[in-house]
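One letter stands for each residue in the lines below.
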Amino acid sequence: MKTAAIVAEYNPFHNGHQYQIEETKRQTGADFILVLMSGDFVQRGAPALCNKYIRTKMALIGGADLVIELPSLYALSSAEFFADGAVTLLNQLNVVDILSFGSESGNLSLFEKCTGTMIRQADQLTSIIREGLKCGLPFPAARADAMSEIFFTYPDAEELNALFSYPNNILGMEYCKALLATKSPIRPFTIKREDAGYHNTSVSEHSSKYISASAIRNALTQTPELVARYVPSEVYQLITEYGLPASHLQEDAFSMLLYYKLLTEKDHGFSAYLDCTPDLSDKICKNLANYTSFTDFCHLLKTKEITYTRLSRVMMHILLNIKTPEYFRPPLLSRKLYAPYARLLGFKKEASPLLSAIKKSSSIPLLSKPADAASLLNREAFAMLQQDIFCASVYESAVFHYTGKQPLNELKQSPIILPQLT
């Protein structure tokens, strides 16, 4: 039995995601696709378009066989820890053979060459990035310059620059780094993205059948009738049933909750929270009198050195009580991240062999009901799960406030089970 894993947000699931699943199965010969999916908040520091159970159903309808939740600590982290946390969890399942990721490059050998060098020259890379930041470069530009300096002998400079300039390439490198650093038996595999790219957020009647999730989210608020072209038909039915775009939560749905939290803790500062440095904490405190909304505050604090996305993540970390754990602090090769459980969100009936294999081989508990977790997890592991439950509760409370939809009780949720096809 061969199993390929995909780490995803599916915010929402679209034709490009279905293409990745189908091509991963076809090109690797995988029998099953296991998806490790973010919960109710996503990596750019924003609430998901719809809750994780609806997105799980989208994934299963679109071709996934089994969906596990990526803990909120990692789902809301920078690319490095998002990838490291995902690989840490997948390694412990002991059933995954392949990690498939989409990339703008599609050149796996280049990923593997570069990530090996990045690990060997990690100290030099960090030093060059710091110098770039001191010179006023934004972090992405400082990182790209550092990569160019380290790989100056690479014959195709244009291809190399592209590798360090696109978000899915960067995330793909982080997956490869994590696999290499953990000596994982899981093999990386990449599929070249067929859409116009993450940065293309527009959609029109002339767009190809593959567009980014960002473009779909924008279309839902502007021209929702066009979205049907870019997602599988059953996924579009789910989107319609859920009531999007009216039910689409955005960052500003949490503006007052965040303001209350900032006011409550300003005397102590915010540097204990993930991604928040002492300097940024001071800046938050100094500008708090000018707070009007979540997004406006991020724009107010944004500089060349600190991107809007990082600020949005920091605000979500503060709102959701996500602090920097000690195991994030060591360098990559000596880092041992903590992923002490696998939360099952859903599966297909046909995936019962994969489910059985995980139960038999996994070195961490497979949780199907949060209410049973106290008897299966130690104190530290249970605290991590409680963080996920807290995030889901905050999300559901906002959904109820803005839409009137009855909030889900996370402790009573069972996995989504897709009936066997006849």
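Relevant structure appears above.
These numbers were taken from a predicted model, which means no experiment stands behind them.

Caption draft 1: Molecular detail of empty space enclosed by the protein. What the rule picks out here adds up to 1 cavity of 30 Å³ or more. When its volume is computed, the largest cavity comes out at roughly 70 Å³. If you trace the largest cavity, you find it lined by Gly39, Asp40, Phe41, Lys52, Glu69, Leu70, Ser72, Ala75, Leu76, Asp388, Cys391 and Ala392. Of all the secondary-structure elements, those providing two or more residues to the lining of the largest cavity are strand 5 (66-70), helix 3 (72-75) and helix 17 (379-403). Here the element with the most residues in the lining of the largest cavity is helix 17; it accounts for 3 residues. Considering only residue class, the lining of the largest cavity consists of 6 nonpolar, 2 polar and 4 charged.

Caption draft 2: Examining the environment of Ala79 more closely. Mapped onto the secondary structure, Ala79 falls in helix 4 (residues 79-93). In this structure, the C-alpha to C-alpha distance between Ala79 and Leu133, residues 54 residues apart in sequence, is 18 Å. Not counting the four nearest positions on each side in its chain, Ala79 is found in contact with Gln43, Leu171 and Glu174.

Caption draft 3: Region of interest: the side chain of Thr295. Checked against the element boundaries, Thr295 lands in helix 14 (residues 294-301). Since its relative accessible area comes to 17%, Thr295 is described here as buried. Beyond its immediate sequence surroundings of up to four residues, Thr295 is in contact with Glu251, Asp252 and Tyr308.

Caption draft 4: Focus on the pairing of strand 5. Most of strand 5 is tucked away, with 5 of its 5 residues classed as buried. Examined bridge by bridge, strand 2 (residues 32-38) and strand 5 share 5 bridges and lie parallel to one another. Paired with Leu36 across the strands is Ile68, a residue of strand 5. Pairing analysis gives 4 bridges linking strand 5 to strand 8 (residues 342-348), with the strands arranged antiparallel. When the bridges of strand 8 are listed, Glu69 appears paired with Arg343.

Caption draft 5: Spotlight on the nonpolar core. Within the largest apolar cluster, 142 residues are counted, with the highest numbers of intra-cluster contacts made by Leu34, Leu90 and Ile284. Excluding anything up to four places from it in sequence, Ile284 contacts Leu262, Phe270, Cys276, Phe297, Leu301, Val314, Met315 and Ile318.

Caption draft 6: Seen up close, the side chain of Asp84. Take Asp84: it is sitting in helix 4. Among the polar contacts made by the side chain of Asp84, one reaches the side chain of Arg335 at a distance of 2.6 Å. Dropping the residues within four chain positions of it, Asp84 is found in contact with Glu174, Ala178, Leu332, Arg335 and Leu337.

Caption draft 7: A look at unusual backbone geometry. The omega torsion across Asn11 and Pro12 is 0 degrees, close enough to zero to call that bond cis. With respect to the helices, strands and loops of the structure, Pro12 is situated in the loop between strand 1 (3-8) and helix 1 (15-28). A positive phi is found at Tyr10, a non-glycine position, where the angle reads about 50 degrees. If you check the backbone angles, Asn94 has positive phi at about 60 degrees while not being a glycine. If you trace the backbone, Asn94 turns up in the loop between helix 4 and strand 6 (98-103). Residue classification places Asn94 among the partly exposed positions, given a relative accessible area of 46%.

Caption draft 8: The packing of helix 12 (residues 255-265) against helix 15 (residues 308-319), seen in detail. Put simply, helix 12 and helix 15 touch, their axes get as near as 9 Å, and they point 70 degrees apart. Here helix 12 is positioned roughly perpendicular relative to helix 15, judged by the angle of their axes. Taken together, the residues of helix 15 that come into contact with helix 12 (itself represented by Leu257, Leu258, Lys261 and Leu262) are Met315, Ile318 and Leu319.

Caption draft 9: Quick peek at helix 13 (residues 278-287). Among the residues of helix 13, Leu280, Ser281, Ile284 and Asn287 are the ones counted as buried. The buried residues of helix 13 all sit within an arc of 140 degrees when viewed along its axis, so they share a single face. Residues of helix 13 that are exposed and angled more than 90 degrees away from the buried face: Pro278, Asp279 and Lys286. Contacts from the buried residues of helix 13 go to helix 12, helix 14 and helix 15.

Caption draft 10: Fine view of the packing of aromatic side chains. By the definition in use, this model includes 12 aromatic pairs. When the ring of Tyr291 is compared with that of Phe297, the centres are 5.1 Å apart and the planes differ by 55 degrees; the resulting orientation is tilted. An identical accessibility class is assigned to Tyr291 and Phe297; each is buried. Aromatic ring contacts, followed pair by pair, group Tyr74, Phe81, Tyr327, Phe328 and Tyr338 into a single cluster. Over the ring of Tyr273 we find Lys323; its NZ or CZ atom is 5.3 Å from the centre of that ring.

Caption draft 11: Highlighting the pattern of salt bridges. A complete count under the given rule lists 15 salt bridges for this structure. A salt bridge links Glu69 to Lys52, with the shortest nitrogen-to-oxygen separation between them at 3.1 Å. Of this pair, Glu69 sits in strand 5 while Lys52 sits in helix 2 (residues 52-61), and the two are 17 residues apart along the sequence. The two residues Glu69 and Lys52 agree in class, both being buried. Across the pair Lys177 and Glu174 runs a salt bridge whose closest N-O atoms are separated by 3.3 Å. Taken together, the residues span about one helical turn, with Lys177 and Glu174 both in helix 9 (residues 167-181) at a distance of 3 residues. Summarising the burial analysis for this pair, Lys177 and Glu174 share the class buried. A single salt-bridge network, built from bridges that share partners, covers Lys52, Glu69, Arg343 and Glu410.

Thresholds applied
Residues numbered from 1 in each chain as written. Predicted model: local features only at pLDDT ≥ 70, side-chain atom pairs only at ≥ 80, totals over all residues. Heavy atoms only, no water. 1 Å grid on protein atoms, 1.4 Å probe; cavity = no way out; pocket = protein on both sides within 12 Å on 5 of 7 lines; lining within 4 Å. Points joined across faces, edges and corners; volume = space filled by probe spheres on them. Helix = DSSP H or I, 4+ residues; strand = E, 2+ residues; numbered from the N terminus. Nonpolar A, V, L, I, M, F, W, Y, C, P; charged D, E, K, R; others polar. Contact = heavy atoms within 4.5 Å. Buried < 20%, exposed > 50% of the residue type's maximum accessible area, 1.4 Å probe, protein only. Pairing = 2+ DSSP bridges. Core = buried A, V, L, I, M, F, W, Y, C linked by side-chain atoms within 4.5 Å. Polar contact = N/O pair within 3.5 Å; in protein donor to acceptor, adjacent residues only side chain to side chain. Axes fitted to C-alpha atoms, helices over the stretch in contact; angles between N-to-C directions. Parallel < 35°, antiparallel > 145°, perpendicular 65-115°, else oblique. Arc of directions from axis to C-beta. Phe/Tyr/Trp six-rings, centres within 6.5 Å; stacked < 30°, edge-to-face > 60°. Lys NZ or Arg CZ within 6 Å of the ring centre and 35° of its normal. Salt bridge = Lys/Arg side-chain N within 4 Å of Asp/Glu carboxyl O.

Everything listed here is a matter of coordinates, which is why it stays silent on function.
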